[in-house]
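# Observations on chain architecture
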Amino acid sequence: MSTIQEISAAIENGKAKLIEGLVQDALDAGVNPNSILDEGMIAAMGIIGAKFQANEVFVPEMLVAAKTMKKGVEILRPYLKSGSLGKLGKYIIGTVAGDLHDIGKNLVALMIESSGFEVIDLGVDVPAEKFVEALNEHPDCKIIGASALLTTTMDALKNTVDAIHAAGYKDKVKIMVGGAPVTAEFAGQIGADAYTPDAGSAASKAVELVS
Ligand code: B1M
């Protein structure tokens, strides 16, 4: 089994005690951090998701896999960072109301921070009003990022965009949306300024939006 396959298997099987050592070993052996993330970790979450859909695993297994992935990402974090902190301004991010998924949102936050923004992370299950409150607190913020992982919370993305526009920020702040069920078409329909499919493209788009 390759190192990346071992990392993937450890996440799939929720081996939280093994993951840090495996990731560190892979890094020490010169494996590219982005390959560890994409081919090892994110791929494992895809497998877990498919197994959940097929009733082969249940919520507790998804939870343990998620915790294992988070521990692994902490080891990777310094290797994924590069840019100088905050030089591009503030970026507020959160997972929308009713949605507890945060691994993708955390990766987007990490990449955005790494590309030079100061990230203000509101966490998960964030009501639309809380995004607006955060903008009121940080009027110099240039971009808001909202994540949704459930088809049932896509409406909350729309509510978030509506609330930000209704509060008078339409021409002052750009809104980026993303998450597995979200599409560019949906983003356009709800009036968001940008959709990106993954964390890397979210970071490039954020830089483009303030350039
Ligand atoms: Co949940 N879950 N889950 N879950 N879970 C999914 C999303 C699901 C697809 C699984 C499945 O059925 N195959 C399914 C949703 C189906 C649907 O709506 N279409 C599902 C379900 C049904 C549920 C529950 C309802 C289960 C239940 O209770 N019966 C429940 C809902 C809870 C809630 O939120 N209210 C639930 C709960 C959970 C756990 C808490 C157990 C756990 C989350 C733990 C955590 O996040 N801390 C969990 C997990 C782990 C998953 C899967 C397996 C993995 C999610 C993940 O972390 N992926 C997931 C299946 C899957 O994704 N294949 C699933 C890895 C992550 C890196 O990818 O988050 O997609 P992702 O992020 C990507 C891109 O989407 C994008 O960039 C990221 C990195 O490249 N991106 C953005 C994300 N946000 C972005 C924002 C941007 C731009 C890009 O701009 C701002």
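So, here is what we can say about the structure in this document. Note that the structure is predicted; figures quoted are calculated from it, not measured. (Residues numbered from 1 in each chain as written. Predicted model: local features only at pLDDT ≥ 70, side-chain atom pairs only at ≥ 80, totals over all residues. Heavy atoms only, no water.)

### Quick notes on the coordination of the cobalt atom of the ligand
- Exactly one protein atom donates to the cobalt atom of the ligand; that atom is His101 (NE2), 2.2 Å from the metal.
- In this fold, His101 is placed in the loop between strand 1 (90-95) and helix 5 (103-114). (Donors = N, O, S within 2.8 Å, 3.2 Å for Na, K, Ca; no water. Helix = DSSP H or I, 4+ residues; strand = E, 2+ residues; numbered from the N terminus.)

### Quick word on the packing of aromatic side chains
- Under the defined criterion, the tally for this structure stands at one aromatic pair.
- Measuring from centroid to centroid gives 5.9 Å for Tyr91 and Phe117, while their planes differ by 75°, and the two rings are edge-to-face. On the criterion of sequence distance, the pair formed by Tyr91 in strand 1 and Phe117 in the loop between helix 5 and strand 2 (118-121) is long-range, its members being 26 residues apart. Considered together, Tyr91 and Phe117 belong to a single accessibility category, that of buried residues.
- Its end group placed over the ring of Tyr169, Lys172 keeps NZ or CZ at 5.9 Å from the ring centre. (Phe/Tyr/Trp six-rings, centres within 6.5 Å; stacked < 30°, edge-to-face > 60°. Buried < 20%, exposed > 50% of the residue type's maximum accessible area, 1.4 Å probe, protein only. Lys NZ or Arg CZ within 6 Å of the ring centre and 35° of its normal.)

### Here's the deal with the sheet that holds strand 5 (residues 194-195)
- Across the sheet, five strands lie side by side as 2-1-3-4-5; this open sheet has parallel pairing. The strands lining the two open edges of the sheet, one partner per strand, are strand 2 and strand 5.
- Alignment of strand 1 against strand 3 (residues 143-147), held across five bridges, turns out to be parallel. Its bridge partner being in strand 3, Gly94 is matched across the sheet by Ala146. (Pairing = 2+ DSSP bridges.)

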